[in-house]
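# Coordinates in review
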Amino acid sequence: MVGQPPLTGLKVLEFAGLAPGPFAGLLLADAGASVLRIDRAQSHLSPLPTADLLTRHKASLAVDLKSPHGISLIQALARTADVLIDPFRPGVLEKLGLGPSILCAANPRLIYARLTGFRRDGRYAAMAGHDINYLAVSGALALLGRKGAPPTPPANLLADFAGGGAMLVHGILLALLARGVDGKGQVVEASMVDGAAYLATFARFALQTPAWDRPRGENLLDSGCPYYDAYETRDGGFMAVGALEPQFFAELVRGLGMEADGWEGRRFARENWGELRRVLEGKFKERTRAEWERVFDGTDACCTPVLGYGEMERGGAAREGDQRPAVTLRETPLLAVARGEVGEDVRRGQGDGVVGEGYVGRPLVVGEGGKETLESWLGWREGREFMVGDGGAVVLRNEGKSKL
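Residues numbered from 1 in each chain as written. Predicted model: local features only at pLDDT ≥ 70, side-chain atom pairs only at ≥ 80, totals over all residues. Heavy atoms only, no water.

### Details of the packing of aromatic side chains
Two numbers describe a pair of aromatic rings. These are the distance of the centres and the angle of the planes. Keep this limit in mind: Geometry of aromatic contacts follows a simple scheme: Phe, Tyr and Trp rings, the Trp one being its six-membered ring, pair when their centres are within 6.5 Å, and the pair is stacked under 30 degrees between planes, edge-to-face over 60, tilted otherwise. Secondary structure counts use DSSP, requiring at least four H or I residues in a row for a helix and at least two E residues in a row for a strand, with both numbered from the N terminus. Note on classification: 1.4 Å probe, protein chains only; a residue is buried when its accessible area is under 20% of the maximum for its type, exposed when over 50%, partly exposed between these limits.
Inspection of the entire model under this criterion finds 10 aromatic pairs. Seen in terms of ring centroids, Tyr227 and Phe249 are 5.3 Å apart; in terms of plane orientation they differ by 65 degrees. Their pairing is edge-to-face. Here Tyr227, found in the loop between α8 (201-206) and β7 (228-232), pairs with Phe249, found in helix α9 (residues 246-256); they are 22 residues apart in sequence, far enough to count as distant. Among the residues examined, Phe249 registers a relative accessible area of 1% and is labelled buried.

Given below as structure tokens:
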């Protein structure tokens, strides 16, 4: 019998923001935390969904942060919260009277988690930016791309999500561990520049070694090496090759029917890489991706199909496309992503899963689940401690008599 998800009972106040902040909240919510997203009150009478798709297991509350009632409401929530996620540029919440000096004084156990793109103390601190900019000044973007081509950003995966949201959660969990020792919360600061740079630690070290001491696209792991790259097949698919070690390369050569060509002994010489690449390009185009899969499945050739999410969704578990929690905790599994019978397989998580099976995000309507969360966190009920006005905004009743 498995126990509850590991963060059950943790209260997280997440200010609505762009991708990295919501992703941090999603990681916590998937682990069982109660995550309340603070949205702006809307101008129309009937609240609408926002563009945020990272809403799994979350609730929403619309608050007018320009009003004293709104500020008082946030202060009340912060007094009972364990974690607050601030996704704004430096100084935004401080100007509203919701900075850490105020909220952490009112709740010494609060973990005030702040996420920025650029460093708060760096030369770019006051500038706007996006994932590509944070990667650029972290040094990581200069590593990405093929020979003779400009640096290639990997969508917004590396800075926003890995270096930003995931690193912020790393800091939050460390702060929770520290709080378990001394009972005190603290301010957690994360920046996407520092997060991306930290993720690039191995590559940065490798720049000082023969593995990565050449220009972009000419090294072992950056598309320079012909046996660490992707190759197009006859039907327009692709196979990924990572046959670095001798025994794996031998399996690759065997599967391709190239045993007699003597590449095992010649592949290390860089002057042969161009020729080997042309040979591999020609070989892979002789068959379809499905045909190559039948050749290499079950082997140690480090040769696998490049799968698209569409076919993974259609293929389900047969394509390892059934989406699961990021990690498995055997005794206290995270919440399930995909629906369906999971039986005793805790690798799939626990609970009912969500609509969309991890492939379709459902926008959270502003205010959805917020009233229930206010009752759960504070014991408040609509019409007694608060009212919901036009656009879904929550307004405190009897402000002067409230226990704030």
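### Some thoughts on the pairing of β7
Note the cut-off: When DSSP locates at least two bridges between a pair of strands, those strands are taken to pair.
Relative to strand β8 (residues 238-242), β7 is paired through 5 bridges, and the arrangement is antiparallel. Counted as the bridge partner of Tyr231 is Met239 from β8. Turn length for the β7-β8 hairpin, with the two strands adjacent in sequence and antiparallel, is 5 residues, and the turn residue Gly236 shows positive phi of about 90 degrees.

### Structural notes on the pattern of salt bridges
We apply this condition: Salt bridges are counted wherever a side-chain nitrogen of Lys or Arg sits within 4 Å of a carboxyl oxygen of Asp or Glu.
In this structure the tally under the stated criterion is 24 salt bridges. Residue Glu293 pairs with Arg319 through a salt bridge whose shortest N-O separation is 2.9 Å. Of this pair, Glu293 sits in helix α12 (residues 289-296) while Arg319 sits in the loop between α13 (309-315) and α14 (370-378), and the two are 26 residues apart along the sequence. Overlapping salt bridges, with partners in common, bring together Asp322, Arg324, Asp345, Arg347 and Arg348 in one network.

### A short note on the sheet that holds β8
Test applied: A fitted line through C-alpha atoms serves as each axis, taken over the contacting stretch for helices, and the angle formed by two N-to-C directions is quoted from 0 to 180°. In what follows, residue pairs with any heavy atoms lying within 4.5 Å of each other are defined as contacts.
Spatially, β7-β8-β9 is the arrangement adopted by the 3 strands of the open sheet, whose pairing is antiparallel. Here the strands that pair on one side only, and so sit at the sheet edges, are β7 and β9 (303-305). Within this sheet the neighbouring strands show an average axis-to-axis angle of 25 degrees, counted without direction. Inspection of the sheet shows β8 paired to β9 by 3 bridges, in the antiparallel sense. Paired with Ala240 across the two strands is Thr304, which belongs to β9. Contacts from α12 reach β8 and β9 within the one sheet, and its direction differs from that of β8 by about 35 degrees.

### A short note on the layout of surface pockets
To be explicit about the condition: Here the term cavity refers to a set of points on a 1 Å grid, laid over the protein atoms alone, in which a 1.4 Å probe fits but cannot get out; the term pocket refers to an open set having protein on both sides within 12 Å along at least five of seven lines, with lining residues being those that place an atom within 4 Å of a point. Grid points are joined across faces, edges and corners, and a volume is the space filled by probe spheres set on the points. For this scheme, ten residues count as nonpolar: Ala, Val, Leu, Ile, Met, Phe, Trp, Tyr, Cys and Pro. Four count as charged, namely Asp, Glu, Lys and Arg, and the remainder, Gly too, count as polar.
In this structure, the largest pocket spans a volume of roughly 1,300 Å³. Lining the largest pocket are 39 residues, with Phe23, Leu26, Asp30, Leu54 and Arg56 positioned closest to its centre. Sorting the residues of the lining of the largest pocket by element identifies α1 (20-30) and α6 (157-182) as the ones contributing at least two each. Counting residues per element, the lining of the largest pocket draws most heavily on α1, at 6 residues. Of the residues assigned to the lining of the largest pocket, the class counts are 27 nonpolar, 6 polar and 6 charged.

### Focus on α1
Buried residues dominate α1, accounting for 10 of its 11 residues. Buried within α1 we find Pro20, Gly21, Pro22, Phe23, Ala24, Gly25, Leu26, Leu28, Ala29 and Asp30. In the segment just after α1, Gly32 is the residue with positive phi, at about 105 degrees.

### Notes on the confidence of the model for the chain
Using the following cut-off: Each residue carries a pLDDT score, the predictor's own confidence in it, on a scale running from 0 to 100.
Overall, the predicted model of the chain reaches an average pLDDT of 93, with 95% of residues at or above 70. Predicted confidence is poor over residues 400-404, with pLDDT under 50, and the contacts of this stretch with residues over four places away or in other chains come to 6 contacts.

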